[in-house]
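One letter stands for each residue in the lines below.
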Amino acid sequence: MKMKILFPMLLSAALLTAPACTFLDEEPESFTTVQNMYKTYEDFELAVDGAYSALSSSSYTIKIDNSLGNYRYGMLALGECGTDEMYAANDNRTNEIMLDTYSLTSADNTIGAHYGAMYQVISRANQIICRLDDGRELDDTWRPLLGHALFLRGLAYFNLVRTFGGVPLITEPLNLGNWQIGLTRNDIQTVYTQIDSDLERAAAMLPTEAPADRIGRATRLTVWALEARANLHAAGMKHTAEIAEEVKLGGLNSYDWVDAAARYAKACEACKLVFETFPAQLEDIPYGSTFWPNKNGAESIFEIQFSTDYGVNVGGMIGHAYGLLGTDNGRKWMRPTGNEYFRTLEEGDTRTEWNQVKAYWNNLGQYVMTNDSWNFGFMKYNHDYSDSANGGTPSKTPQNYPAMRLAEVWLIYAEAQAELAAMGDAHGSWDEALAALNTVRRRARNGSTTVLQDIPASYVTSAPDFSSNDQSVRNEIYRYLKPVAGVVTMSLNGSNVGTINVVPGELDTPIERFRIFLLNERKWELVGEGQRWFDLVRLNYLKRICDALDAQFDSEMNNPNDLKKMRNVKPFHVFRPIPLRETDLGVRQNHGYE
């Protein structure tokens, strides 16, 4: 008979007499002395705080800065460098240049740090799970603690599997003293089965709102949003991405097992749960409410918390690395792709002022606009760290990382609905897909009747006349469809559109046209939030877009307003290399990085 735990004191006593966890090594990774932990409810609260802190902490216990691979800094670099959104701007930043130019090796610090940082999250979560998830029935006081650990493990494994492919699946505490896992990789299907299970259970255990004294912890909405993202990724990697047979490593890195329609449908179901539960409508929430100086705003679903109140290790780095250029010249290790982004923006889009601006901080701590063609920066991560009285230092800024927000859920729903509709699946609807996409556009136009007009169904169901000589027809096409490198180019003469050139075979079907609308909308909405590389891989546009940008930037080598480095994308670049410290122990390397 299961024992129902009614009070924290009862569980504390039970934990003291419960069977010990099974460890993969004699000494588990310790963020608080394990022998002195896990005796009271407060101990478990502290352990959950420690597990969350692994998402953002800066430490050198892995012999390289942990923040190179987690949400303090590296997650954004992994999701943005080498795309049409960002490029490595500092020739001394080898890690970002290797990401940007697709010259990564297994010795790269960012890759090694990401692998280690995510397993640190997993190890800390496993410490909690193995003690609470032993068959006893937990009451509502304790269940959220287990729910948080399950969510964090699911999040970390999702980050690993979409970056590296198959990875070792570890569900017990492990020794990370030397930060070498050294275990055989499991295939993607096995890891995804664990992710699905962890997230399903976490959703049943977590509250709808985070307690006031625990802002930053996951809620049911967070889990549903992650379920939507994970299901969309799996479906897209099966249905739209191209993974060469040699890259699949005999099934280790394969998505052939995925039922794409079922995964798209699950993504839609998770999105609907968010919509039904979220306390506000997207169109009622200003775009900038999520970004600095705002924190945990009305649109936020999950933010990685940073502060300058407690020391450098809880301060963030995104303001330093991605904000506006500062007086120490150390900022902006990566920059927005400048003109490439502005070429596609519609005048009056309220997102522009938060995403890419030409400005910098001078040595008086003043915000200065500039006409320099190269000096683009992210206003959404802006912070004047020259004001030390407010906790500002180059490596310690208080911006949160916007890991999940409502607009992304609407875009996930739009993509999944469109893909299902194109399959002829009863769960999909072109009307639903366009309504979701236009919901995001309506928020961005902020009440205007002329800016970002709703994309009409006719532009999806039938192809516009791209070769028309009628100026009004060309101008109308441009109203809804903006250029995408490698797919469609347009010449502009003032407010009039000249020629429209579509790469043959690119926009022939409704789903191909919808994907371009979606790619543009995701770029304008989510730029700089660590999503673009995964979008381009999932939708199979990474090589096409980067190859086209290579040609474009090559012709602009003397113009310092855009990327200067060739991308050289290969088919195996749908995954990153396994870190050298793992392959040195015999762990199998991904194809192309041997």
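Treat the numbers as computed from the prediction; the structure is a model and nothing was measured. (Residues numbered from 1 in each chain as written. Predicted model: local features only at pLDDT ≥ 70, side-chain atom pairs only at ≥ 80, totals over all residues. Heavy atoms only, no water.)

Details of the pattern of salt bridges
Overall, the coordinates contain 34 salt bridges when judged by the stated rule. As a salt-bridge pair, Arg443 and Glu299 come within 3.2 Å of each other at their nearest N and O atoms. Pair noted here: Arg443 is in helix H14 (residues 430-445) and Glu299 is in the loop between helix H9 (260-277) and strand S2 (300-304), with a separation of 144 residues, a long-range link. One exposure class covers both Arg443 and Glu299, and it is buried. Between Lys380 and Glu529 there is a salt bridge, with the nearest N and O atoms lying 2.8 Å from each other. In this pair, Lys380 sits in the loop between strand S6 (376-377) and strand S7 (401-405) while Glu529 sits in the loop between helix H17 (510-526) and helix H18 (532-538), placing the two residues 149 residues apart along the sequence. Comparing Lys380 with Glu529, the two get one shared label, buried. (Salt bridge = Lys/Arg side-chain N within 4 Å of Asp/Glu carboxyl O. Helix = DSSP H or I, 4+ residues; strand = E, 2+ residues; numbered from the N terminus. Buried < 20%, exposed > 50% of the residue type's maximum accessible area, 1.4 Å probe, protein only.)

Overview of H14
With 16 residues, H14 extends 22 Å from end C-alpha to end C-alpha; this agrees with the ideal 22 Å at 1.5 Å per step. Within H14, the full set of buried residues consists of Ala433, Leu434, Ala436, Leu437, Asn438, Thr439, Val440, Arg441, Arg443, Ala444 and Arg445. Along its buried surface, H14 packs onto S7, helix H13 (406-423), helix H15 (458-461), helix H16 (471-480) and H17. With a side-chain oxygen positioned 3.2 Å from the backbone nitrogen of Asp431, the residue opening H14 is Ser429. At the exit of H14 stands Asn446, carrying a positive phi of roughly 55°. (Expected span 1.5 Å × (residues − 1). Contact = heavy atoms within 4.5 Å. Polar contact = N/O pair within 3.5 Å; in protein donor to acceptor, adjacent residues only side chain to side chain.)

What about the nonpolar core?
Phe151 and Tyr322 are the most contacted members of the largest nonpolar core, which totals 164 residues. The dominant element in this core, judged by the number of residues it contributes, is helix H6 (residues 143-164), at 13 residues. (Core = buried A, V, L, I, M, F, W, Y, C linked by side-chain atoms within 4.5 Å.)

Some words on the packing of aromatic side chains
The way to describe two aromatic rings as a pair is by their centre distance and the angle between their planes. Within the structure shown, the criterion is met by 18 aromatic pairs. Aromatic pair Tyr115 and Tyr119: ring centres 5.2 Å apart, planes at 55°, arrangement tilted. Remark: Tyr119 and Tyr115 occur in helix H5 (residues 109-132); sequence separation between them is 4 residues, near one turn of the helix. Each member of the pair, Tyr115 as well as Tyr119, carries the same accessibility label: buried. On the numbers, 6.3 Å between centres and 45° between planes, the contact of Phe291 with Trp354 is tilted. Of this pair, Phe291 sits in the loop between H9 and S2 while Trp354 sits in helix H12 (residues 352-355); the two residues are 63 residues apart in sequence, bridging distant segments of the chain. Given the relative accessible area of 2%, Phe291 is considered buried. (Phe/Tyr/Trp six-rings, centres within 6.5 Å; stacked < 30°, edge-to-face > 60°.)

Side note on the pairing of S2
Of all 5 residues that make up S2, 5 are buried, and the element is covered over most of its length. With 4 bridges connecting them, S2 and S7 associate as antiparallel partners. Considered in S7, the bridge of Phe302 is made with Met404. (Pairing = 2+ DSSP bridges.)

Notes on the packing of H6 against helix H8 (residues 220-239)
Helix-helix packing is described using two parameters, namely the angle between the two axes and the distance between the axes. Their axes nearest at 11 Å, the elements H6 and H8 cross at an angle of 25°. Of the possible angle classes, the one that applies to H6 and H8 is roughly parallel. Crossing angle aside, the handedness with which H6 passes H8 is left-handed. Here H6 contributes Phe151, Gly154, Leu155, Phe158 and Arg162 to the contact with H8, which in turn contributes Thr222, Val223, Leu226, Arg229, Ala230 and His233. Class assignment for the residues of the contact of H6 with H8 results in 6 nonpolar, 3 polar and 2 charged. (Axes fitted to C-alpha atoms, helices over the stretch in contact; angles between N-to-C directions. Parallel < 35°, antiparallel > 145°, perpendicular 65-115°, else oblique. Left-handed = near helix turned anticlockwise from the far one by under 90°. Nonpolar A, V, L, I, M, F, W, Y, C, P; charged D, E, K, R; others polar.)

Thoughts on unusual backbone geometry
Geometrically, the link from Trp292 to Pro293 is a cis peptide bond, its omega value of 10° lying close to zero. Relative to the assigned elements, Pro293 resides in the loop between H9 and S2. In this structure, Leu249 takes a positive phi of about 55° despite not being glycine. The topology assignment puts Leu249 in the loop between H8 and H9. By relative accessible area, Leu249 is classed as buried at 8%.

As for H9
Three- or four-residue spacings in an α-helix give side chains the same orientation, since the helix completes a turn every 3.6 residues. Between the first and last C-alpha of H9 there are 26 Å, a value that for 18 residues agrees with the 26 Å anticipated at 1.5 Å per step. Every buried residue of H9 is accounted for by Ala260, Ala261, Arg263, Tyr264, Ala265, Ala267, Cys268, Ala270, Cys271, Val274 and Phe275. Considering only its buried residues, H9 is in contact with helix H7 (188-205), H8, S2 and H13.

Re the packing of helix H2 (residues 41-53) against H5
In the contact formed by H2 and H5, the axes pass within 8 Å of each other and the chain directions differ by 155°. Classified by the angle between their axes, H2 and H5 sit roughly antiparallel to one another. Like other packed secondary-structure pairs, H2 and H5 cross with a definite hand, here left-handed. Packed against H2, whose contacting residues are Phe44, Ala47, Val48, Gly50, Ala51 and Ser53, the element H5 presents Val121, Arg124, Ala125, Ile128, Arg131 and Leu132 at the interface.

A word on the side chain of Gln417
On the secondary structure map, Gln417 appears in helix H13. Residue class for Gln417 comes out buried when judged on its relative accessible area of 2%. In contact with Gln417, other than residues within four places in its own chain, are Cys268, His427, Gly428, Ser429, Glu432 and Ala433.

As for the side chain of Lys380
The class of Lys380 is buried, set by a relative accessible area of 1%. Of the polar contacts made by the side chain of Lys380, one reaches the side chain of Glu529; its length is 2.8 Å. Once residues lying within four places of it in the same chain are set aside, the contact partners of Lys380 are Tyr287, Phe291, Trp292, Trp354, Asn355, Glu525, Leu526, Val527 and Glu529.

Observations regarding the pairing of strand S8 (residues 488-493)
The side chains of a regular strand alternate, residue by residue, between the two faces of the sheet. The pairing of S8 with strand S9 (residues 496-502) spans 5 bridges and is classified as antiparallel. Residue pairing for S9: Asn493 is matched across the bridge by Asn496. A loop of 2 residues connects S8 with S9, the two strands running antiparallel in sequence, and Gly494 in this loop sits at a positive phi of about 70°.

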